[in-house]
Amino acid sequence: MVIVMKPEATEADIKYVIRRATSLGLKTHVSQQNGSTLIGLLGDLRGLDLEVLAGLRGVERVSAMTRPYRLASIEFKPEPTVVKIRDCVVGGERVVVAAGPCSVETRERLNAAATCVREAGGSMLRGGAFKPRSSPYSFQGLAEEGLKLLADAREATGLPIVTEVLSSEQVPLVTRYADVLQVGARNMQNFALLHAVGEAGIPVLLKRGMMSTIEELLLSAEYVLSHGNPNVILCERGIRTFETYTRNTLDINAVPALKELTHLPVIVDPSHATGKASLVTAVSKAAVAAGADGLLVEVHPDRENAWSDGFQSLTPQEFHTLMEEVKKVAAAVGRTL
Ligand code: PEP
Ligand code: MN
């Protein structure tokens, strides 16, 4: 439920409504929309007589929230959420590009990738130290050693780092090194992990599960938001369809759909969405044209010898080209890169 206050409602009216809602055992969330104050109501509404609130001074109406998520919904918070990560702002006019290798492998390779990302104008460095691999025999990541290498690359380049956390137990460790905690597609509904990153105090990049709906993604975001972390970035990374030519199918619809459902920033991962380096640049352009606030791109200085996802990683030269191409699309839709 959301209480829409009249434009002429006073501070005292608003405070009184909040007090009355609180006395009913509800939590409130205040936001502004077109000059009116909205007071979102959180908690168990069953059995409550909301007519009482509708009749208070300054209240225009009490309307039902039509969606199962609340904090994530645009009705609840009409103004876009802007997530600040050091000097980087996600959800503003500038399209942000986080790029780097799938996995952190060696210091030399990571530093080469980081240098390329910085020189090409990328905003953040990505790289997994804990890897969710389909096979237990595949490279599982360097763990803390990888986090240290990421921190050193941040030191050297100034790029904030995005890295995946696989379990709630790992959250304190990864938080010590990371600027953004990535929750991967396979973990989108790991509710214990969502709870833990909700309490971590640093931004979260939440990837859409490969078999999850947009609504399920938003409900997962709701877990993070409702545990106290307002800094959530959503990531469309492709879903499973009958198509096998590509690794996944980018749900381009999800970008404008999320924009009309939520205030949270939305980025796109064209690397996992396509699974083919040759498609990544075109799909990145489509994502930005559709309104994405950023991209998450795999780049590797020696992709033939990469320890994971080399086939979908761009070479440094290709990444430079991607940035040039995406810049033109960003300008065409009134954004910068
Ligand atoms: C990744 O970004 O390296 C990754 C494993 O992605 P996803 O969770 O989308 O598969
Ligand atoms: Mn990968």
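Residues numbered from 1 in each chain as written. Chains lettered and ligands numbered in written order. Predicted model: local features only at pLDDT ≥ 70, side-chain atom pairs only at ≥ 80, totals over all residues. Heavy atoms only, no water.

Colleague: I'm lost on the site of ligand 1 in this one. Help?
Modeller: Neighbouring ligand 1 are 13 residues; Arg126, Ala185, Arg186, Lys207 and Arg237 lie closest to it. A distance of 2.9 Å separates an oxygen atom of ligand 1 from a polar side-chain atom of Gln182. Interatomic distance of 2.9 Å between a side-chain N/O atom of Lys207 and an oxygen atom of ligand 1. When isolated, ligand 1 has an accessible area of 290 Å², and the protein chains bury 97% of it. Split by residue class, the shell around ligand 1 holds three nonpolar, three polar and seven charged. (Near = heavy atom within 4 Å. Polar contact = N/O pair within 3.5 Å; in protein donor to acceptor, adjacent residues only side chain to side chain. Areas by Shrake-Rupley, 256 points an atom, 1.4 Å probe, with all protein chains shown as cover. Nonpolar A, V, L, I, M, F, W, Y, C, P; charged D, E, K, R; others polar.)

Colleague: Would you explain the coordination of the manganese ion (ligand 2) in this entry?
Modeller: Four donors placed tetrahedrally around a metal ideally meet at 109.5 degrees, and six donors placed octahedrally ideally meet at 90 or 180 degrees. Distances from the manganese ion (ligand 2) to its protein donors, Cys102 (SG), His272 (NE2), Glu298 (OE) and Asp309 (OD), fall within 2.0 to 2.4 Å. All donors of the manganese ion (ligand 2) belong to a single chain; written as a sequence motif, their spacing is C-x169-H-x25-E-x10-D. Of the two residues, His272 is situated in helix H9 (residues 270–274) and Asp309 in the loop between strand E14 (294–298) and helix H11 (316–332); the sequence distance between them amounts to 37 residues. Each member of the pair His272 and Asp309 is classed as buried. (Donors = N, O, S within 2.8 Å, 3.2 Å for Na, K, Ca; no water. Helix = DSSP H or I, 4+ residues; strand = E, 2+ residues; numbered from the N terminus. Buried < 20%, exposed > 50% of the residue type's maximum accessible area, 1.4 Å probe, protein only.)

Colleague: Can you help me understand the packing of aromatic side chains in this one?
Modeller: Two descriptors summarise a pair of aromatic rings, namely the distance from one centre to the other and the angle between the planes of the rings. Under the definition given, this model contains two aromatic pairs. An angle of 80 degrees between the planes, with centres 5.0 Å apart, marks the rings of Phe139 and Trp307 as edge-to-face. Placement of the pair is Phe139 in the loop between strand E8 (124–126) and helix H4 (144–157) and Trp307 in the loop between E14 and H11, with a sequence separation of 168 residues. Residue class for Trp307 comes out partly exposed when judged on its relative accessible area of 37%. Ring geometry for Phe191 versus Tyr223: centroids 4.6 Å apart, planes at 25 degrees, classification stacked. With Phe191 in helix H6 (residues 191–198) and Tyr223 in helix H7 (residues 214–226), the pair connects residues that are 32 residues apart, well separated along the chain. On the basis of relative accessible area, Tyr223 is assigned to the partly exposed category, the value being 33%. The aromatic ring of Tyr245 is capped on one face by Lys276, whose charged end is 4.1 Å from the ring centroid. (Phe/Tyr/Trp six-rings, centres within 6.5 Å; stacked < 30°, edge-to-face > 60°. Lys NZ or Arg CZ within 6 Å of the ring centre and 35° of its normal.)

Colleague: Sorry, what's going on with the side chain of Thr157 here?
Modeller: Locating Thr157 in the fold gives a position in helix H4. Using a relative accessible area of 13% as the deciding quantity, one classes Thr157 as buried. At 2.7 Å, the side chain of Thr157 forms a polar contact with the backbone oxygen of Ala153. Setting aside its immediate chain neighbours within four residues, Thr157 contacts Ala114, Thr115 and Arg118. (Contact = heavy atoms within 4.5 Å.)

Colleague: I would appreciate a short explanation of H7 in the present structure.
Modeller: Along an α-helix, a turn takes 3.6 residues, which lines up residues three or four apart on a common side. With 13 residues, H7 should cover 18 Å at 1.5 Å per step; its first-to-last C-alpha distance of 18 Å lies within 8% of that length. Along H7, the residues that are buried comprise Ile214, Leu217, Leu218, Ser220, Ala221, Glu222, Val224 and Leu225. In this structure, the buried residues of H7 make contact with H6, strand E11 (204–207), strand E12 (232–236) and helix H8 (254–261). A positive phi of about 100 degrees marks Gly228, the residue just after H7. (Expected span 1.5 Å × (residues − 1).)

Colleague: Looking at this structure, I do not really get the nonpolar core. What am I missing?
Modeller: In this structure, Val297 and Phe319 are the most contacted members of the largest nonpolar core, which totals 80 residues. For Val297, the residues in contact, after removing those within four places along its chain, are Val97, Ala98, Ala99, Gly100, Arg126, Pro270, Ser271, Val280, Leu314, Phe319 and Leu322. Judged by nonpolar contacts, the second largest core, of 14 residues, contains Met124, Val180, Ile233 and Cys235. (Core = buried A, V, L, I, M, F, W, Y, C linked by side-chain atoms within 4.5 Å.)

Colleague: How should I be thinking about the pairing of strand E1 (residues 2–5) in this particular structure?
Modeller: A regular strand places its side chains on the two faces of the sheet in alternate fashion. A two-sided burial pattern is seen for E1, the buried positions comprising Val2 and Val4 on one face and Ile3 and Met5 on the other. Alignment of E1 against strand E3 (residues 36–42), held across three bridges, turns out to be antiparallel. What sits directly across from Ile3, in E3, is Ile39. (Pairing = 2+ DSSP bridges.)

Colleague: Looking at this structure, I do not really get the pattern of salt bridges. What am I missing?
Modeller: Applying the stated rule across the entire model yields 18 salt bridges. Salt-bridge contacts for Asp13 lead to Arg57; the nearest nitrogen and oxygen are separated by 2.9 Å. Linking Asp13 in helix H1 (residues 11–23) with Arg57 in the loop between helix H2 (51–54) and strand E4 (59–63), this pair joins segments that are 44 residues apart in sequence. The buried category is assigned to Asp13, whose relative accessible area is 8%. (Salt bridge = Lys/Arg side-chain N within 4 Å of Asp/Glu carboxyl O.)

Colleague: So what exactly am I meant to see when it comes to helix H3 (residues 107–120) here?
Modeller: In a regular helix each residue adds 1.5 Å, so 14 residues correspond to 20 Å; H3 covers 20 Å between its end C-alpha atoms and thus fits that length. By the burial criterion, the buried members of H3 are Arg109, Leu110, Ala113, Ala114, Cys116, Val117 and Ala120. For H3, the angular spread of the buried residues around the axis is 160 degrees, confining them to a single face. Residues Glu108 and Glu119 are exposed on H3 and point more than 90 degrees away from its buried face. Buried residues belonging to H3 abut strand E7 (96–100), E8, H4 and H11. Looking one or two residues past H3, Gly121 carries a phi angle of roughly 100 degrees, positive in sign. (Arc of directions from axis to C-beta.)

Colleague: Quick question: what am I supposed to make of the pairing of strand E10 (residues 180–183) here?
Modeller: Side chains of E10 alternate between two faces, with Val180 and Gln182 and Leu181 and Val183 buried alike. As paired strands, strand E9 (residues 161–164) and E10 are joined by three bridges and run parallel to one another. When the sheet's bridge partners are listed, Thr163 is paired in E10 with Leu181. Taken together, E9, helix H5 (residues 171–177) and E10 constitute a β-α-β crossover, and its handedness is right-handed. As paired elements, E10 and E11 share three bridges and run parallel to each other. Across the sheet, the residue bridging to Gln182 is Leu205, located in E11. (Right-handed = clockwise from strand over helix to strand, strands pointing away.)

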